[in-house]
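Take a look at the letters that make up each chain.
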Amino acid sequence: SAPCATGKNTTPTISGVFKYSQYQERWNFGKYYVRPIMRFNGGAALHSRTYRPDGSLYDPTLGKPVSHGCVRMIQE
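The structure displayed is predicted, hence computed values, not measured ones. (Residues numbered from 1 in each chain as written. Predicted model: local features only at pLDDT ≥ 70, side-chain atom pairs only at ≥ 80, totals over all residues. Heavy atoms only, no water.)

### Here we look at the overall build of the chain
Item 1. Secondary structure summary: the chain contains zero helices and nine strands in total.
Item 2. Scanning the chain from its N terminus toward the C terminus, one meets helices and strands in the order β-β-β-β-β-β-β-β-β.
Item 3. A compact globule built from 76 residues would reach a C-alpha radius of gyration of about 11 Å, and the chain, at 12 Å, matches this within 12%.
Item 4. Put simply, 43% of the contacts in the chain that link residues at least 6 apart link residues at least 24 apart.
Item 5. For the chain, the exposed surface amounts to about 5,000 Å²; the carbon and sulfur share of it is 52%.
Item 6. Averaging the locations of the 10 positively and 4 negatively charged side chains of the chain gives two centres separated by 8 Å. (Helix = DSSP H or I, 4+ residues; strand = E, 2+ residues; numbered from the N terminus. Rg over C-alpha atoms; globule rule 2.2 N^0.38 Å. Contact = heavy atoms within 4.5 Å. Areas by Shrake-Rupley, 256 points an atom, 1.4 Å probe, with all protein chains shown as cover. Lys, Arg positive; Asp, Glu negative; His and termini not counted. Charge placed at Lys NZ, Arg CZ, Asp CG, Glu CD.)

Take a look at the structure:
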């Protein structure tokens, strides 16, 4: 087990048991990026916390619902 952050109330993380369907190295959103990404159930994903382009943490939040539906985890 590991600390994570799930989807906020307006964009909840789906529940269930899934196999991941795709691995991606990185998603870049301009102000921040996440890496690596393991997609499941179409568009949902397990990925790192958000990082600024310089590599520093953009949003270190874990342990509460803050994402847009993905599961954020410690990159390690």
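### Considering the packing of aromatic side chains
Item 1. All chains considered together, the criterion is met by five aromatic pairs.
Item 2. Measuring from centroid to centroid gives 6.3 Å for Trp27 and Phe29, while their planes differ by 85°, and the two rings are edge-to-face.
Item 3. A relative accessible area of 46% places Phe29 in the partly exposed class. (Phe/Tyr/Trp six-rings, centres within 6.5 Å; stacked < 30°, edge-to-face > 60°. Buried < 20%, exposed > 50% of the residue type's maximum accessible area, 1.4 Å probe, protein only.)

### Observations concerning the nonpolar core
Item 1. In terms of nonpolar packing, the biggest core is built from five residues, these being Trp27, Val34, Ile37, Ala45 and Cys70.
Item 2. Among all residues touching Ala45, those that are not within four sequence positions of it are Trp27, Ile37, Met38, Arg39, Phe40, Cys70 and Val71. (Core = buried A, V, L, I, M, F, W, Y, C linked by side-chain atoms within 4.5 Å.)

### Remarks on unusual backbone geometry
Item 1. Arg35 connects to Pro36 through a cis peptide bond whose omega is -15°.
Item 2. Secondary-structure assignment places Pro36 in the loop between β4 (33-34) and β5 (37-40).
Item 3. With phi around 50°, Asn41 is a residue other than glycine that occupies positive phi space.
Item 4. In this fold, Asn41 is placed in the loop between β5 and β6 (44-48).

### Topic: the pairing of β6
Item 1. In terms of burial, β6 is largely enclosed, as four of its five residues are buried.
Item 2. In this structure, the hairpin formed by β5 and β6 is closed by a connection of three residues, where Asn41 is found at a positive phi of approximately 50°.
Item 3. Of the pairings in the sheet, the one linking β6 to strand β9 (residues 71-73) comprises three bridges and is parallel in character. Note that in β9 the partner of Leu46 across the bridge is Val71. (Pairing = 2+ DSSP bridges.)

### Let's talk about the side chain of Thr61
Item 1. Relative to the helices and strands, Thr61 is located in the loop between β8 (57-59) and β9.
Item 2. Side-chain polar atoms of Thr61 contact the side chain of Asp59, separated by 2.5 Å.
Item 3. Thr61 has contacts with Ala5, Arg49 and Val66, leaving out every residue within four places of it along the chain. (Polar contact = N/O pair within 3.5 Å; in protein donor to acceptor, adjacent residues only side chain to side chain.)

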